[in-house]
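# Remarks on the overall topology
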Amino acid sequence: MELTGKKIVLGLTGGVACYKAAELCRALTKAGATVQVVMTDAATHFITAVTMQALSGQRVYSSQWDPRVDNNMAHIDVTRDADAMLIAPCSADFMAKLAHGVCDDLLSTMCLARPHAMPLLVAPAMNVEMWQNPATQRNAQQLRDDGITLFGPAAGEQACGEVGLGRMLEPQQLLEELIASFQPKVLAGKRILITAGPTFEAIDPVRGITNLSSGKMGYAVARAAREAGAEVILVSGPTALATPHGVQRINVQSAQQMHDAVMESVGGQHVFIAVAAVADWRVANASDQKMKKAADGSVPELKFLENPDILAKVAARTSVAGYPYCVGFAAESENLLAFGAAKREKKGIPLLVGNIGHHTFGQDDNTIILFDENGHTILPRADKLTLARQLISEISKRIAAHSLFQ
Ligand code: CTP
């Protein structure tokens with residue numbers, strides 16, 4: 001429950017994307033937040049207060065002149081104990097109001113009267129021409145300059161039939177953005193390259209060799225790095241996972257492809273984190289055509305070639321250039337303390353993360369050990385996102401000491 005104990009004021013303004021606000025409200029409450037919905041008059045033409053009240057479990061405010069509010073101070077009271085205000089959808093008109101400090105209804109008055117330190121987050125939703133209009137762009141810039149965070153908009157097909165920028169982010173993406181907004185920005189301005197998932201080594205066009213890595217830990221690390229403010233590239237083997245919002249993903253299959261994608265992207269990266277379970281060998285005599293069973297019952301004989309060691313190659317670059325700061329992972333089935341320390345030395349990297357047991361593959365929880373020049377530290381059992389955030393925090397402390405990474 002990522003948002004347990006948090007109170008979020010969810011503001012709805014007029015737009016078709018109001019239909020997504022219902023799902024967003026549900027996602028926020030499921031994540032543990034107390035959601036206080038406030039709607040403009042225009043929003044009530046797209047979705048009813050009854051729906052939002054049922055989903056949030058709280059009375060909905062929409063009028064400045066609501067006789068239910070004893071002191072008629074809802075514009076002040078509602079935001080005083082809130083942790084953040086999220087306006088989703090935020091119309092072009094409402095952005096213009098925010099940019100100019102107009103407060104002619106309850107929601108805009110609440111935004112203006114909110115405590116200075118409380119984050120105001122807006123998810124624009126409008127037609128592509130409205131978004132691209134210089135007036136809206138001016139307003140968007142003014143909001144950023146005023147410390148207001150914009151989530152999106154995304155590009156794509158719009159309700160009006162036109163295509164382009166202006167779609168509101170999906171509820172799940174907004175939830176991720178909101179959760180991220182509460183994380184410390186310890187990697188702001190840093191570029192992080194991450195590998196994740198298994199690799200797939202072809203035997204023929206329909207068969208291959210892979211491993212049990214689900215990619216969950218690598219994806220959690222990518223999400224945690226993005227939450228911490230980094231620009232993240234994720235080179236991923238085949239997985240069934242959704243790309244964390246805001247992360248650039250490059251899909252690969254084989255170890256060789258992963259190697260090539262990493263080498264192409266590694267220039268200028270501050271940190272390289274190799275989480276992928278890379279196949280050590282590929283099939284040397286893979287067939288171009290599907291292999292058929294032999295009539296005489298003889299079975300194919302596979303020959304293997306060693307794959308490039310991606311982490312060791314990046315670490316070798318680091319020894320010349322000084323960066324990226326390299327972090328490796330190791331899943332050992334025995335003797336992790338000795339093997340982990342030895343693997344860190346062998347790969348020539350400053351930090352190695354040991355998974356306790358190879359049974360971590362596919363699980364949501366894990367226990368990890370960090371090996372560095374001072375020995376080892378255990379991070380106790382937790383879900384992979386929690387561990388990933390702790391790891392990102394550890395990495396940020398380590399690179400903060402190096403002037404090369406400033
Ligand atoms: N790794 C890599 N490229 C490879 C093999 C491994 O980048 N060809 C990276 C993994 O992403 C991981 C680390 O190296 O961060 C350790 O991987 P692991 O498979 O545990 O170690 P190996 O070097 O393959 O050694 P061994 O299998 O003999 O334990």
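Only a predicted model underlies this, so the values are computations on that prediction, with no experimental measurement involved.

### Overview of the side chain of E176
Looking at the secondary structure, you find E176 in helix 8 (residues 171-181). Aside from chain neighbours lying at most four places away, what touches E176 is R223, P244 and H245.

### What to know about the domain arrangement of the protein
What the domain assignment reports for the protein is domain 1 (7-181) and domain 2 (191-405). For domain 1 versus domain 2, the distance between C-alpha centres works out to 39 Å. Taken together, the contact between domain 1 and domain 2 spans six residues of the former and six residues of the latter. Between domain 1 and domain 2, a total of about 550 Å² is buried, with carbon and sulfur atoms accounting for 48% of that surface.

### A look at the site of the ligand
Around the ligand, the structure places 13 residues, and the nearest of them are A274, A276, F329, K343 and K347. For the ligand, an oxygen atom lies 2.6 Å from a polar atom in the side chain of K343. Its free accessible area being 560 Å², the ligand has 79% of it covered by the protein chains. Looking at the shell around the ligand, the elements with two or more residues in it are helix 11 (310-321), strand 16 (325-332) and helix 12 (336-347). For the shell around the ligand, the element with the highest residue contribution is strand 16, accounting for three residues.

### Some thoughts on the nonpolar core
The biggest cluster of nonpolar side chains holds 35 residues, and the ones touching the most others in it are I194, V221, I273 and I395. Counting residues in each nonpolar core, the second largest holds 34 residues, with L28, A123, M168 and L174 among its members.

### Focus on the pattern of salt bridges
All told, the structure shown has 15 salt bridges when counted by the stated rule. Two residues, D105 and K97, come together in a salt bridge whose shortest N-O distance is 3.5 Å. The pair D105 / K97 is uniform in exposure class, with both members buried. Taken together, the shared-partner salt bridges connect E2, R223, E227 and R389 into one network.

### Considering the packing of helix 9 (residues 216-227) against helix 13 (residues 384-400)
Direction vectors running N to C along helix 9 and helix 13 enclose 55°, while the axes themselves pass 8 Å from each other. Of the possible angle classes, the one that applies to helix 9 and helix 13 is oblique. Crossing hand, helix 9 versus helix 13: right-handed. Of the residues in helix 13, those in contact with K216, M217, A220, V221, R223, A224, A225 and E227 of helix 9 are K384, L385, L387, A388, R389, L391 and I392.

### Remarks on the pairing of strand 17 (residues 351-356)
Among the six residues in strand 17, five count as buried, and that is most of the element. Following the chain from strand 16 across helix 12 to the adjacent parallel strand 17, one finds a crossover that is right-handed. Sheet analysis places strand 17 next to strand 18 (residues 365-372), joined by four bridges and oriented antiparallel. Note that in strand 18 the partner of N355 across the bridge is I368.

### Thoughts on the sheet that holds strand 4 (residues 120-124)
In spatial order, the strands read 2-1-3-4-5; together these five strands make up an open sheet with parallel pairing. Here the strands that pair on one side only, and so sit at the sheet edges, are strand 2 (34-39) and strand 5 (149-150). Examined bridge by bridge, strand 3 (residues 84-90) and strand 4 share four bridges and lie parallel to one another. Following the sheet pairing, L86 is matched in strand 4 by L121. Helix-sheet contacts for helix 4 (residues 92-100) involve strand 3, strand 4 and strand 5, and the interaxial angle to strand 3 is about 140°. Of the strands in this sheet, strand 1 (7-12), strand 3 and strand 4 are in contact with helix 8, which crosses strand 4 at around 160°.

What counts, and at which threshold
- Position labels on residues start from 1 in each chain and follow its written sequence.
- Owing to the predicted nature of the model, reporting of local features is limited to residues with pLDDT of at least 70; listing and counting of side-chain atom pairs is limited to 80 or more, with chain, interface and lining totals taken over all residues.
- Excluding hydrogens and water, the side-chain values take into account all heavy atoms of the structure.
- Secondary structure follows DSSP: runs of H or I at least 4 residues long count as helices, runs of E at least 2 residues long count as strands, and numbering of each begins at the N terminus.
- The contact definition used throughout considers only heavy atoms, calling two residues in contact when any of these lie within 4.5 Å.
- An automatic or database domain assignment provides the domain bounds reported here.
- Two parts placed together each lose some accessible area under a 1.4 Å probe, and the buried area is that loss summed for both.
- Residue proximity to a molecule or strand is established when one non-hydrogen atom of the residue lies within 4 Å of it.
- Identification of polar contacts relies on pairs of N or O atoms within 3.5 Å, with a donor-acceptor requirement for protein atoms, meaning one able to donate a hydrogen and the other able to accept it, and with residues adjacent in sequence counted only if both atoms are side-chain atoms.
- For every accessible area listed, the method is Shrake-Rupley and the probe measures 1.4 Å; residues are considered covered only by the protein chains on display.
- To form a nonpolar core, buried Ala, Val, Leu, Ile, Met, Phe, Trp, Tyr and Cys residues must be joined to one another through side-chain atoms within 4.5 Å.
- Accessibility here uses a 1.4 Å probe with only protein chains present; expressed as a share of the type maximum, an area under 20% marks a residue as buried, one over 50% as exposed, and anything in between as partly exposed.
- Salt bridges are defined as contacts in which a side-chain nitrogen from Lys or Arg sits within 4 Å of a carboxyl oxygen from Asp or Glu.
- Note on definitions: angles span 0 to 180 degrees between N-to-C directions of axes, and those axes are lines fitted to C-alpha atoms, for helices only across the stretch in contact.
- When describing relative orientation, an angle under 35 degrees is termed roughly parallel and one over 145 degrees roughly antiparallel, while 65 to 115 degrees is termed roughly perpendicular and anything else oblique.
- When the near helix sits turned anticlockwise from the far one by under a right angle, the crossing is termed left-handed; a clockwise turn instead gives a right-handed crossing.
- The definition of a right-handed crossover adopted here requires that, viewed with the strands pointing away, the path from the first strand over the helix to the second runs clockwise.
- By the convention used here, strands pair only if DSSP detects at least 2 bridges between them.

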